[in-house]
Amino acid sequence: MEVYSNENEQVDALRRFFADNGKALAIGVVVGIAALGGWRYWSSQQDNAGKAVSAQYQQLTSVMQADKPESLEAVASFASENSNTYGALAALDLAKQYVETSQLDKAIALLQKGLSDTKDANLQAVINLRLARIQLQQKQADAALTTLDNVKGDGWSAIVADIRGEALLSKGDKQGARDAWSKGAGSQASPALKQMLQMKIDNLS
């Protein structure tokens, strides 16, 4: 569906960005580098390390399959050992596999770790959206609503409205669901997503 397509496209764009900008992500802020030569050496080392982590992430996730436990274990180890954006991306990828095999608790634990591993607002938004969906699957509507409050950025408003409406409806709050979906339908969402939200509104009648 459109709402899932939007999230997946965003994740793919983030992957491409981090693959192309490993140096900028790896270097960060450095305090106490007194000599230019020392800085250049450190920068070079971090650049190489960033590229190596990026390559390892891409290699592991490209062969990850639910019917090959060893490939899942390799990605899990990578996510555990890398408290950075690549680790967060790996956690996001692996969580998807766990959801597809109904291992929701494992998926939630991975997504929560991923949130603590990245400072990228868009990636955090995607992770929170996935986390809210799983919480809703587990009949934890209040937890899902709290998670949605952490999603920042107008670009996510329609998707947030979609999940918020589902959470409110599961609590028996039809008017709250209607208000959420109406807000999403009135946002700058794609025509397909607006149509889907309008259908949900119509089905409440």
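In what follows, the structure referred to is the one given above.
Notes on the structure follow.

What counts, and where the lines are drawn
- Residues numbered from 1 in each chain as written.
- Predicted model: local features only at pLDDT ≥ 70, side-chain atom pairs only at ≥ 80, totals over all residues.
- Heavy atoms only, no water.
- Axes fitted to C-alpha atoms, helices over the stretch in contact; angles between N-to-C directions.
- Helix = DSSP H or I, 4+ residues; strand = E, 2+ residues; numbered from the N terminus.
- Parallel < 35°, antiparallel > 145°, perpendicular 65-115°, else oblique.
- Contact = heavy atoms within 4.5 Å.
- Nonpolar A, V, L, I, M, F, W, Y, C, P; charged D, E, K, R; others polar.
- Phe/Tyr/Trp six-rings, centres within 6.5 Å; stacked < 30°, edge-to-face > 60°.
- Buried < 20%, exposed > 50% of the residue type's maximum accessible area, 1.4 Å probe, protein only.
- Core = buried A, V, L, I, M, F, W, Y, C linked by side-chain atoms within 4.5 Å.
- Expected span 1.5 Å × (residues − 1).
- Arc of directions from axis to C-beta.
- Polar contact = N/O pair within 3.5 Å; in protein donor to acceptor, adjacent residues only side chain to side chain.

Quick notes on the packing of helix α9 (residues 157-170) against helix α10 (residues 174-185)
Line of reasoning, step 1. α10 packs onto α9 with a crossing angle of 170° between their chain directions and a minimal axis gap of 8 Å. As judged from the angle between their axes, α9 and α10 are roughly antiparallel. Packed against α9, whose contacting residues are A158, A161, D162, R164, G165, E166, L168 and L169, the element α10 presents K174, G176, A177, A180, W181 and G184 at the interface.
Line of reasoning, step 2. A breakdown of the residues in the contact of α9 with α10 according to their chemical character gives 7 nonpolar, 3 polar and 4 charged.

A closer look at the packing of aromatic side chains
Any pair of aromatic rings gets described here by the distance separating the centres and the angle formed by the planes.
Line of reasoning, step 1. All told, the structure shown has 2 aromatic pairs when counted by the stated rule.
Line of reasoning, step 2. The interplanar angle of 35° and the centroid separation of 6.3 Å between the aromatic rings of Y57 and F78 together place this pair among those described as tilted. Taken together, the residues span a long stretch of sequence, with Y57 in helix α3 (residues 36-62) and F78 in helix α4 (residues 69-81) at a distance of 21 residues. With respect to class, Y57 is no different from F78; both count as buried.
Line of reasoning, step 3. Three or more aromatic residues joined by ring pairs form one cluster here, namely Y57, F78 and Y86.

Notes on the nonpolar core
For soluble globular proteins, nonpolar side chains are generally found buried alongside one another.
Line of reasoning, step 1. Ranked by size, the top nonpolar core spans 51 residues in total, and within it F78, L94, L111, L129, W156 and L193 carry the most contacts.
Line of reasoning, step 2. The element best represented in this core is helix α5 (residues 85-100), accounting for 9 residues.

A short note on the environment of L72
Line of reasoning, step 1. Looking at the element boundaries, L72 is found in helix α4.
Line of reasoning, step 2. A relative accessible area of 11% means that L72 is categorised as buried.
Line of reasoning, step 3. For L72 and Y98, which are 26 residues apart along the polypeptide, the C-alpha to C-alpha distance reads 9.3 Å.

As for the packing of helix α7 (residues 121-137) against helix α8 (residues 141-148)
Line of reasoning, step 1. Interhelical geometry of α7 versus α8 gives an angle of 170° and a closest axis separation of 8 Å. In terms of their interaxial angle, α7 and α8 are classed as roughly antiparallel. Between α7 and α8, the residues in contact are N128, L129, L131, A132, Q135 and L136 and A141, A143, A144, T147 and L148, respectively.
Line of reasoning, step 2. Across the contact of α7 with α8, the residue classes tally to 8 nonpolar, 3 polar and no charged.

Description of α4
Line of reasoning, step 1. With 13 residues, α4 extends 18 Å from end C-alpha to end C-alpha; this agrees with the ideal 18 Å at 1.5 Å per step.
Line of reasoning, step 2. Within α4, burial applies to S71, L72, V75, F78 and A79. Axial view of α4: buried residues confined to an arc of 120°, hence all on one face. Set apart from the buried face of α4 by more than 90 degrees, the exposed residues are E70, E73 and E81.

A word on α7
Line of reasoning, step 1. Look at α7: 24 Å from first C-alpha to last across 17 residues, which is about the 24 Å you get at 1.5 Å a residue.
Line of reasoning, step 2. Most of α7 is tucked away, with 12 of its 17 residues classed as buried.
Line of reasoning, step 3. Along α7, the residues classified as buried are L123, A125, V126, I127, N128, L129, R130, L131, A132, R133, I134 and Q135.
Line of reasoning, step 4. Where α7 starts, the residue carrying a side-chain oxygen 3.2 Å from the main-chain nitrogen of N122 turns out to be D120.

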